[in-house]
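Given next are the chains, with one letter for each unit.
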There are 2 protein chains.
Amino acid sequence: MTAEIITIGDEILIGQIIDTNSAWLASELDKIGVSIIKIISISDKSEAIFNALENSGADLILLTGGLGPTADDITKPVLAEFFETRLVHNKTAFENMQNFVLQRGMKLNKGNKEQALLPENCTVIPNKYGTATAMMFQKAGKRFISMPGVPFEMKNIFTEEILPIIKENYTLDTVIHKNIPVFGVPESVLAERLVDFEKMMPENLNLAYLPSPERVLLRLSIAGNDKNLLNSIIKEKNKELKNILGNDIFASENIFLEELVGKKLKKAGQTVSTAESCTGGNIAKLITSISGSSEYFEGGVVAYSNRIKNEILGVKELTLMDFGAVSKETVEEMAVGIMKLYGSDYGIAVSGIAGPGGASPGKPVGTVWIAVASKNKLISEKYSFGNLRDVTVRRASATALNMLRKILSHKTSRRP
Amino acid sequence: MTAEIITIGDEILIGQIIDTNSAWLASELDKIGVSIIKIISISDKSEAIFNALENSGADLILLTGGLGPTADDITKPVLAEFFETRLVHNKTAFENMQNFVLQRGMKLNKGNKEQALLPENCTVIPNKYGTATAMMFQKAGKRFISMPGVPFEMKNIFTEEILPIIKENYTLDTVIHKNIPVFGVPESVLAERLVDFEKMMPENLNLAYLPSPERVLLRLSIAGNDKNLLNSIIKEKNKELKNILGNDIFASENIFLEELVGKKLKKAGQTVSTAESCTGGNIAKLITSISGSSEYFEGGVVAYSNRIKNEILGVKELTLMDFGAVSKETVEEMAVGIMKLYGSDYGIAVSGIAGPGGASPGKPVGTVWIAVASKNKLISEKYSFGNLRDVTVRRASATALNMLRKILSHKTSRRP
């Protein structure tokens with residue numbers, strides 16, 4: 001079974017936004033064994049959309065964009081033309097839209113009402129996250145699905161509504177994936193450590209590297225029809241990877257460090273708090289991105305200035321004067337300070353130079369000190385994260401969470 | 001003049017990497033007035049590449065990828081087939097390659113030597129940044145340029161070699177853009193308010209909407225050959241938009257709210273601090289994403305639990321008991337509390353239910369209270385941001401910054 005993705009909108013063609021929707025859709029389709037043969041971005045002009053529909057050569061064609069309430073959203077009339085029908089008021093779509101708008105205490109406007117005009121022969125796919133309705137059509141043995149282009153609307157509709165439709169209507173190879181998140185090893189070093197492993201892989205097994213500042217996600221994939229056999233191969237290869245990479249693998253599922261440490265803290269009935277300088281609140285933000293984090297996180301302090309480090313966190317003036325804000329001594333006092341102030345079991349502290357300004361002799365941009373404190377332990381480490389402000393913040397945040405993970409693992413693995 | 005971009009490689013089709021090359025190329029071409037009609041990603045299979053070449057309908061076709069030394073790099077043989085020629089050893093390309101390799105103290109390997117085999121009728125475009133040679137072809141009035149897919153190689157070759165070729169060979173329109181960021185108005189309402197404006201637009205003027213939880217970016221674009229005329233139209237239309245949208249336009253350039261309030265605070269020599277519950281540090285993170293923010297931001301407190309709201313921020317126990325953590329009374333005390341604790345000129349506070357848990361009668365998921373305090377002013381507002389945790393955090397953060405902007409604007413517009 002093959003699929004094609006068509007993205008509609010001038011924003012991509014003029015390079016104003018990057019087409020992340022297609023990458024996300026491609027990765028979701030790949031996971032269930034659908035082979036994508038083409039991803040195409042076209043202008044929001046009738047002729048371009050019509051041509052793309054006519055020239056599509058896959059079993060399933062997914063369209064995103066052009067369903068908004070503005071004048072340049074013209075996907076619907078083109079769909080009506082292509083499927084030889086007309087636009088009519090669709091009651092189901094209108095009611096969905098009304099519910100959505102009412103829930104936010106807003107009113108339907110004229111533009112919204114026009115959004116309820118849909119091609120007469122479409123199958124409505126409800127959108128709980130916005131006013132643009134998704135639609136399905138069939139023609140010449142192909143299935144066409146049109147979705148809104150707003151990423152969070154598209155992603156939710158795809159996961160909740162469209163994925164089940166695909167699984168129901170197509171016979172797909174069994175595809176098994178195993179996600180293995182790794183932290184603390186650069187991608188090139190990882191590749192080097194896995195050279196022999198890759199040489200010995202069976203032909204239908206694939207190993208993908210998905211690097212980001214927060215982790216490298218390794219993904220083993222295998223396709224075939226004997227599910228038990230596929231499972232046993234994946235299991236064996238996963239075990240081999242564990243032997244090679246050891247503790248650099250931080251979880252056995254597709255999660256980030258904030259979720260992993262959250263689980264560990266919850267299990268242990270313990271809490272953590274954060275004292276952030278150069279990461280500016282990003283660690284707290286990561287921790288609280290996990291629903292239920294209030295069970296182990298009561299909060300933190302962003303101490304951007306030395307005055308706040310001293311007055312709120314209790315870092316000694318002398319420490320700041322003698323060693324500077326970016327030093328082992330300062331982060332250690334910050335970690336202990338936040339732990340005491342918030343009465344938590346662990347304290348995380350970060351202080352560094354995110355850049356572009358702030359460098360000093362011996363402390364170039366990218367220098368970051370991180371400390372983790374518990375009642376009976378205090379560790380700290382110095383890192384160099386490079387020249388990019390955003391990347392330094394992201395890498396420092398993940399590294400701090402990884403240091404907490406190591407302390408937590410150590411604790412729970414001890415036997416009385 | 002029209003262009004088309006073709007990206008070759010399976011990594012994009014399986015969603016493993018996002019196609020940032022195309023976005024970059026599109027934006028560079030758009031700047032010089034080249035109109036991109038299609039961006040397409042295809043597999044590294046001969047048939048897919050050949051078809052894409054055959055079906056290209058633009059004056060200029062830019063290809064990236066598939067020029068490396070490995071077995072899956074098959075762009076060159078397909079180009080030879082399409083342009084009805086054969087691969088021959090190219091002396092110029094080989095010497096360029098030798099120079100590149102020598103400069104790094106490396107040696108040419110067998111794979112590299114094969115990279116010097118090029119279609120006989122191509123025009124060589126030298127690559128100073130790698131071993132893959134870029135090439136130009138002409139056929140049926142169209143120009144085809146094939147570039148390596150490694151982003152920094154492609155970008156440098158494009159800027160240094162290909163851009164001059166385009167400017168020399170095509171007569172291009174002048175293109176002028178004006179970015180207008182708007183906050184606080186849903187896209188559909190915005191469209192309604194701009195119906196008449198859009199009706200009266202000259203034909204060569206385009207208005208694009210780029211919505212996100214943080215803002216809607218409006219972009220006026222105009223193309224033509226009389227630069228002064230274009231500039232005066234853009235100026236006039238921008239003025240009209242300002243009359244219609246007034247204070248909902250928050251800046252006259254392509255920036256986000258955190259940068260705007262940063263500029264205003266810096267100019268006024270004032271500081272702000274943040275007290276965050278449901279946004280969990282995201283506002284502090286946004287503020288500190290701006291380099292130089294330490295001049296107006298000393299820090300903030302993440303107060304996820306009631307205990308911290310009370311003990312650190314000084315919210316009265318009685319307030320929390322009588323009105324709850326998500327209430328006008330609580331956020332107002334939080335805003336005043338953080339302002340006093342950090343000694344800042346302004347205090348921002350947010351408390352809400354990001355979900356999925358935490359709802360109570362009358363306070364559904366998505367309910368958020370936001371307050372902004374200054375020495376002589378205290379404002380607060382209740383919002384409903386919907387069901388998605390991440391979107392609620394992002395919208396609440398931007399809304400809080402927008403409330404701060406309004407207080408700041410009010411202040412600076414006052415005359416003594």
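Just so we're clear, the structure is a prediction, and the values are computed from it rather than from any experiment.

Chemist: Mind showing me how you'd approach the overall build of chain A here?
Modeler: Check the secondary structure of chain A and you find 16 helices and 16 strands. Overall, the C-alpha framework of chain A stretches about 80 × 55 × 40 Å when taken along its three principal axes. A burial count over chain A gives 56% of its 416 residues as buried. In chain A, once contacts between residues fewer than 6 apart in sequence are set aside, the share between residues at least 24 apart is 67%. Here chain A has roughly 17900 Å² of accessible surface; of this, 51% comes from carbon and sulfur atoms. Taking the 48 positively charged and 47 negatively charged side chains of chain A as two groups, their mean positions are separated by 7 Å.

Chemist: How should the pattern of salt bridges be read in this particular structure?
Modeler: Under the counting rule described, the total for this entry stands at 34 salt bridges over all chains. Glu333 of chain A is the salt-bridge partner of Lys316 of chain A, the closest N and O atoms lying 3.3 Å from each other. Linking Lys316 of chain A in the loop between helix H13 (306-311) and helix H14 (317-323) with Glu333 of chain A in helix H15 (residues 328-342), this pair joins segments that are 17 residues apart in sequence. In this structure, Arg394 of chain B and Glu214 of chain B form a salt bridge, with 2.8 Å as the shortest nitrogen-oxygen distance. Here Arg394 of chain B is found in helix H16 (residues 389-413), whereas its partner Glu214 of chain B is found in the loop between strand E10 (205-212) and strand E11 (215-224), with 180 residues between them in sequence. A network of salt bridges, in which partner residues are shared, links Glu214, Asp390 and Arg394 of chain A.

Chemist: Whenever I open this one, the nonpolar core confuses me. Can you help?
Modeler: If you look at soluble globular proteins, the nonpolar side chains tend to sit buried side by side. One finds Val301 and Leu313 of chain A together with Val301 and Leu313 of chain B to be the most contacted residues of the largest nonpolar core, which totals 44 residues. Residue assignment for this core shows that the elements contributing at least two residues are strand E13 (297-303), H15 and strand E15 (367-374) of chain A together with strand E13 (297-303), helix H15 (328-342) and strand E15 (367-374) of chain B. The contact partners of Leu313 of chain A, leaving out residues within four places of it in the chain, are Ala275, Val301, Ala303, Ile308, Glu333, Met334, Gly337 and Ile338 of chain A.

Chemist: Would you explain the interface of chain B and chain A in this entry?
Modeler: Interface size is commonly expressed as the accessible surface area that is lost when the partners come together. Taken together, the 70 residues of chain B in the interface contact 68 residues of chain A. Interface area, chain B with chain A, both sides summed: about 5200 Å², of which 58% is carbon and sulfur. Ranking the residues of chain B by area buried against chain A places Leu13, Glu298 and Tyr304 of chain B at the top, with a combined share of 11%. In this structure, the connection of chain B to chain A is made through two salt bridges.

Chemist: Can you walk me through the packing of helix H2 (residues 20-31) of chain A against helix H7 (residues 151-169) of chain A in this structure?
Modeler: A packed helix pair is summarised by two numbers, namely the angle formed by the two axes and the spacing between the axes. All names here are of chain A. The interhelical angle for the contact between H2 and H7, taken along N-to-C directions, is 25 degrees, at an axis separation of 11 Å. The orientation of H2 with respect to H7, classified from their angle, is roughly parallel. At the point where H2 passes H7, the crossing takes the right-handed sense. In contact with Asn21, Trp24, Leu25, Glu28 and Leu29 of H2, H7 contributes Pro151, Met154, Lys155, Phe158, Thr159 and Ile166. Here the residues of the contact of H2 with H7 sort into seven nonpolar, two polar and two charged.

Chemist: Would you explain the domain arrangement of chain A in this entry?
Modeler: Residues and elements named next belong to chain A. Its domain assignment divides chain A into domain 1 (2-169), domain 2 (174-248) and domain 3 (257-408). Between the C-alpha centres of domain 2 and domain 3 the distance comes to 32 Å. When domain 2 packs against domain 3, close to 660 Å² is buried across both sides, 54% of that on carbon and sulfur atoms. Considering only the side of domain 2, the residues that lose the most area to domain 3 are Phe183, Pro213 and Glu214, jointly responsible for 78% of the buried surface there. Viewed at the interface, domain 3 and domain 2 are joined by one salt bridge.

Chemist: How do you make sense of unusual backbone geometry when you look at a structure like this?
Modeler: With the exception of glycine, the majority of residues adopt a negative phi angle, and the majority of peptide bonds are in the trans configuration. All names here are of chain A. Cis geometry is adopted by the peptide bond preceding Pro356, which originates at Gly355 and carries an omega value of 0 degrees. Along the chain, Pro356 falls in the loop between strand E14 (346-352) and E15. Residue Ala140 is not a glycine yet carries a positive backbone phi of 50 degrees. Position of Ala140 among the secondary structure elements: in the loop between strand E7 (134-139) and strand E8 (142-147).

Chemist: What is the right way to read the sheet that holds strand E9 (residues 174-182) of chain A from this model?
Modeler: Strands in a sheet are paired, the pairing made by backbone hydrogen bonds, and the direction either parallel or antiparallel. All names here are of chain A. Spatially, the three strands line up as an open sheet ordered E9-E11-E10, and their pairing is antiparallel. On the outer flanks of this sheet lie E9 and strand E10 (205-212), each paired with one strand and no other. Neighbour-to-neighbour, the strand axes of this sheet turn through a mean angle of 20 degrees, independent of strand direction. Where E9 lies against strand E11 (residues 215-224), nine bridges are found, and the strand directions are antiparallel. Residue pairing across strands places His177 opposite Ser221, the latter belonging to E11. Lying over the sheet, H2 contacts E9 and E11, oriented at roughly 120 degrees with respect to E9.

The rules we used
- Residues numbered from 1 in each chain as written.
- Chains lettered and ligands numbered in written order.
- Predicted model: local features only at pLDDT ≥ 70, side-chain atom pairs only at ≥ 80, totals over all residues.
- Heavy atoms only, no water.
- Helix = DSSP H or I, 4+ residues; strand = E, 2+ residues; numbered from the N terminus.
- Buried < 20%, exposed > 50% of the residue type's maximum accessible area, 1.4 Å probe, protein only.
- Contact = heavy atoms within 4.5 Å.
- Areas by Shrake-Rupley, 256 points an atom, 1.4 Å probe, with all protein chains shown as cover.
- Lys, Arg positive; Asp, Glu negative; His and termini not counted.
- Charge placed at Lys NZ, Arg CZ, Asp CG, Glu CD.
- Salt bridge = Lys/Arg side-chain N within 4 Å of Asp/Glu carboxyl O.
- Core = buried A, V, L, I, M, F, W, Y, C linked by side-chain atoms within 4.5 Å.
- Buried area = accessible area lost by both parts, 1.4 Å probe.
- Axes fitted to C-alpha atoms, helices over the stretch in contact; angles between N-to-C directions.
- Parallel < 35°, antiparallel > 145°, perpendicular 65-115°, else oblique.
- Left-handed = near helix turned anticlockwise from the far one by under 90°.
- Nonpolar A, V, L, I, M, F, W, Y, C, P; charged D, E, K, R; others polar.
- Domains from an automatic or database assignment.
- Pairing = 2+ DSSP bridges.

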